[in-house]
Structure formats: structure tokens, C-alpha cells
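# Descriptive structure summary
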Amino acid sequence: MEEINPSSCDTFVVLPPLTSHQGVVFGKNSDRPNGEVQELVYLKGQDFPTGAKVSCTYIEIDQVSKTFPVILSKPAWMWGAEMGANDQGVCIGNEAVWSNYKSGDEKQERLLGMDLVRLGLERGGSADEAVTIITQLLEEHGQGGPCSDINPRMFYHNSYLIADRKEAWVLETVGKLWAAERVESGFRNISNALTIGTKMDRKCSNLLDVAKSEGLWDGMGDFHFAKAFGKHNEDAEERKQRGQKMLTILSGGNQFCIVDMLGILRDKESNICRGTDHLNPTASSQVSVLSPVDSAKPSCHWFTGTPDPSISVYKPFVFTPNVQISHLTISPVPDPDPAKIIPRFSTTVDRSHQLYKFHQTATSKPNREEIIAKLRSMEEGCLSEVQAFIDKFEAGQPLTEMDELLKDIVETEIKFYK
């Protein structure tokens, strides 16, 4: 059976001094198999007793004593997430990657790359800490198993862009092997190919030995991670270069802001944004504006929760002590009746949440351009209001006004569709 190779997803980060607010702007488009629904979920932080376990998509692992609150954009069928953030200001997005190294366990059900995204967010108090958590779990449990519930031939390794209010890390993996590069300023973007070269700020202990034993490096000169383990992906390289060009232009005046990131994630010409007619459409999108390290202002995370950012509304979320989100972005739970168990690989299961359904119907109408224009106007108004709140925010000020921010915007959007 021939495997399906990944050919989608892009993740970006822009750091000071290139941003207008002197904080960090993170963005990701999550491209998934056509028809897969991505839901938005908020999970409270929890305390767990000694010996507790957590059931990930395929396997069970040890739970930690405490998890952080997280907001996740996740394929509805799996435990893990494509992207998200925690209340510590950590954001993570992953990319499917090719490799010429076969670890031999790609098809065995282990941790998915998306499980590692969620685990990194639930357990990592910083980007650096998330790198440590993900790599330790990777070395202990490995990665593998089908990465789609409708296509049993989709297997891949993963790379990650992990950011917090201080810095970013690019983490790239091949089986249980990995290398990580620290990014402290400027910008960085990744697509579906390995990118780390000779600058490896951290790596697994056996990386060079395995590269030599597999005949991927002759042991002479500087070791280049992507050249040793990477597999050529022309589509990914082209998207990466186009994204890099846009980042260069838009950050040139040190005024890069959320509007610039939205423009990149909505760019159809570069193929960074993919419509619902594509084999791998953009299923959902995230932009996070992280406040500077020395600022008391809240960070804000924006999600579409619907396919194709160019025709979707980015909706804001701020972590507060009593935050709530709408049930309208959460997919229905399959019927628990044992007689109605859903086959793992099924094209007939409808996991559409209400926001997804209404958006798909509205943007398929003959007057879709008029609808999209009104949606964009609604988004622009929301951007202005949220920015005004953050600009005026002072240390010690309560965040109760933001408790139901995402919930209110989602419900307003659905009322518009009705």
C-alpha cells in the first residue's frame, strides 16, 4: 500500500525588534485532508494524583501532576492538536515532514505529532521547556500511527515551531531522532520539509552516530541535519520561500502586526492558503499576538475554526480566570452505543460542529462575496476593539470583560449566517 505524503501546512513567527508592539506574533495554517473537521476547545488546567495516566490518540502514557489551561485547534477525531496556546504564553504548531530515514516504526501506533503539540502545551511553561517535554516523550514513546481517520495511508514525521513571549524554537524530528534551533530575534517560518542546518542548539545524543551508521553522513565536515535526513519537497520549499519573502517585506519597517500575519495566512497565490476544493485545504488557522516579556498586557489568540482563512473570520481568545468558549465550536461526540461503533477509517462520519456547518453553507451561496465582505468588516471591528482594550490595559486591571470574548464572537457570527 503506497503511503500518502504530506504537502501542506505553514507556520510563522516574528519577534522583536521587527514587531510593532515589540512582542511576538505567531501564525499557522493547518492544512488537513479534505472533509476533516477541526474544532476549537478550551481545557482547564488540572491537578492529577500520582500514578495517573492520560489516553492520547493511540497510546496511554503517564500523566503529570499539573497541566496548564490550553486553547486548541484540533482535528475532531484525535486527542492531539494541530496548534494552540497555553496560559503561560506558549504557542505550538506542527508540520508533517518527509525523511529519507526510515526508523521502522512509522506505522506502529505511538504518539502522533499532534499529541506532542498538546502535551507540550499542557506541560510546558516556556518554549524551551516545551522542547524538553516533547523530545523526552518522543525518545521514550516514539511517534507513529495513521495521521488521518479517513485515510489509513497517511503517515509522517513532524517538525514544530514553538514560541513564547521571549523566543522561538524550531524542533525537527525523524523517528526518535531530533534537532532544535533557537530563534531569539527576526523571523522564522517552516513548511513541510526539514530546515535545520548546521546550527543545532540542542539535539538528541545519538544523532550523529545514527547518521553515520545509516550512511547519511560521512563524518567529515560540519553536520547538516536537513541534508542528512531531509527529503526534497518542491512544494514545501516554494511555499517556505514565498512566505519568507512576505515576512521580509512586511517586517522591513519594524512594524509587523497581526494584520500582516493575517495577510500571509490568507495568501492564495503562494499556496499558503488553500480553499475547500483542494485535496488538502486549510482546515483552520491561528494567529497569536504575545505581549512583551516586561508587559502586563494580555496576549490574544485568534482562531478561525473554519476552513479557508480567506473566507473565514478570525475570532479572539484571551486567557482569564473564568474564561468560557462556545459549545458551537466543539464537534459532537460519536454515539457511545457499542453497536454503533464508528470504524476508524470512515468517510461517512459527520463531526461538523455548528460553526463549521453554518460557515460552509453561507460561503457556498451565490452571494458569497457579499457575505465574505460583511464577515471581514465584522472582523476588522473586532480587531479594533480588542486592540483598544489591550492598549488601555493596566497592571492589576481585571480581565472579566474578556471572559466570554470568543463565545460572544462565535455566536454573533452564527447569528449573521442565520
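Residues numbered from 1 in each chain as written. Predicted model: local features only at pLDDT ≥ 70, side-chain atom pairs only at ≥ 80, totals over all residues. Heavy atoms only, no water.

In the annotation of an unreviewed UniProt entry, the entry for the chain reads Secernin-2 isoform X1, and the organism field reads Thrips palmi.

### Digging into the overall build of the chain
Scanning the chain for helices and strands turns up nine helices and 16 strands. Expected size for 418 residues packed as a compact globule is a radius of gyration near 22 Å; at 20 Å, the chain falls within 12% of this value. By principal-axis analysis of the C-alpha atoms, the chain measures approximately 60 × 60 × 50 Å. A fraction of 71% describes how many contacts in the chain between residues 6 or more apart in sequence connect residues 24 or more apart. One finds the centroid of the 44 positive side-chain charges in the chain at a distance of 2 Å from the centroid of its 58 negative side-chain charges. (Helix = DSSP H or I, 4+ residues; strand = E, 2+ residues; numbered from the N terminus. Rg over C-alpha atoms; globule rule 2.2 N^0.38 Å. Contact = heavy atoms within 4.5 Å. Lys, Arg positive; Asp, Glu negative; His and termini not counted. Charge placed at Lys NZ, Arg CZ, Asp CG, Glu CD.)

### Regarding unusual backbone geometry
Geometrically, the link from P16 to P17 is a cis peptide bond, its omega value of 10° lying close to zero. Relative to the helices and strands, P17 resides in the loop between β1 (10-14) and β2 (24-31). Unusually for a residue other than glycine, Q22 sits at a positive phi of about 60°. Note that Q22 resides in the loop between β1 and β2.

### A short note on the packing of helix α7 (residues 354-362) against helix α9 (residues 405-417)
With their axes 10 Å apart at the nearest point, α7 and α9 run at an angle of 35° to one another. Here α7 runs over α9; the crossing is left-handed. Packed against α7, whose contacting residues are Q354, L355, F358, H359 and A362, the element α9 presents E413, I414 and Y417 at the interface. Residues of the contact of α7 with α9, tallied by class, amount to five nonpolar, two polar and one charged. (Axes fitted to C-alpha atoms, helices over the stretch in contact; angles between N-to-C directions. Left-handed = near helix turned anticlockwise from the far one by under 90°. Nonpolar A, V, L, I, M, F, W, Y, C, P; charged D, E, K, R; others polar.)

### Structural notes on the pattern of salt bridges
Counted under the stated rule, the structure contains 25 salt bridges. The salt bridge involving R239 is made with D10; its shortest N-O contact spans 2.7 Å. Placement of R239 in helix α5 (residues 234-250) and of D10 in strand β1 is noted, with a sequence separation of 229 residues between them. The partner of E95 in a salt bridge is K28, with the nearest N and O atoms 4.0 Å apart. (Salt bridge = Lys/Arg side-chain N within 4 Å of Asp/Glu carboxyl O.)

### Structural notes on the packing of helix α1 (residues 113-123) against helix α2 (residues 127-141)
Where α1 meets α2, the axes come as close as 9 Å, and the angle between the chain directions of the two elements is 135°. In terms of their interaxial angle, α1 and α2 are classed as oblique. The chirality of how α1 crosses α2 is right-handed. Contacts between α1 and α2 pair L116, L119, G120 and R123 from the former with E129, A130, I133, I134, L137 and L138 from the latter. Looking at side-chain class alone, the contact of α1 with α2 contains seven nonpolar, one polar and two charged residues. (Parallel < 35°, antiparallel > 145°, perpendicular 65-115°, else oblique.)

### Focus on α2
Spanning 15 residues, α2 covers 21 Å between terminal C-alpha atoms, matching the ideal 21 Å at 1.5 Å per step. Listing the buried residues of α2 in full gives A127, A130, V131, I133, I134, T135, L137, L138 and H141. Looking at the residues trailing α2, positive phi occurs at G142, about 75°. (Expected span 1.5 Å × (residues − 1). Buried < 20%, exposed > 50% of the residue type's maximum accessible area, 1.4 Å probe, protein only.)

### Some details on the nonpolar core
Counting residues in each nonpolar core, the largest one holds 87 residues, and the members touching the most others are I71, I92, I162, L207, F223, F225 and F229. Here this core gets seven residues from one element, more than from any other, and that element is α2. Once residues lying within four places of it in the same chain are set aside, the contact partners of I71 are V41, Y42, M83, G84, A85, F303, F317, F319, I325 and L406. Among the nonpolar cores identified, the runner-up in size contains 29 residues, and V14, I264, F389 and I409 belong to it. (Core = buried A, V, L, I, M, F, W, Y, C linked by side-chain atoms within 4.5 Å.)

### Here's the deal with the pairing of strand β14 (residues 282-290)
Within β14, nine of the nine residues are buried, which leaves the element mostly enclosed by the surrounding structure. Bridge count between β2 and β14: eight bridges; the pairing is antiparallel. Considered in β14, the bridge of S30 is made with S284. (Pairing = 2+ DSSP bridges.)

### Here we look at the sheet that holds strand β15 (residues 300-303)
With antiparallel pairing, the six strands of this open sheet are ordered in space as β12-β1-β2-β14-β15-β16. Looking along the sheet, the strands with just one partner apiece sit at the ends: β12 (187-190) and β16 (315-317). Strand-to-strand twist in this sheet, taken as the mean axis angle between neighbours without regard to direction, amounts to 15°. Note that β1 and β12 share four bridges and pair antiparallel. Of the residues in β12, the one forming a bridge with V14 is F187. Against the sheet, α5 engages β1 and β12, with an angle of about 160° to β12.

### Some thoughts on the pairing of strand β11 (residues 177-183)
Put simply, side chains in a regular strand alternate between the two faces of the sheet. The buried count for β11 comes to six of seven residues, which makes it a mostly enclosed element. As defined by bridge partners, strand β10 (residues 168-174) adjoins β11 across seven bridges and the pair is classed as antiparallel. Residue pairing in the sheet places W169 in a bridge with R182 of β11.

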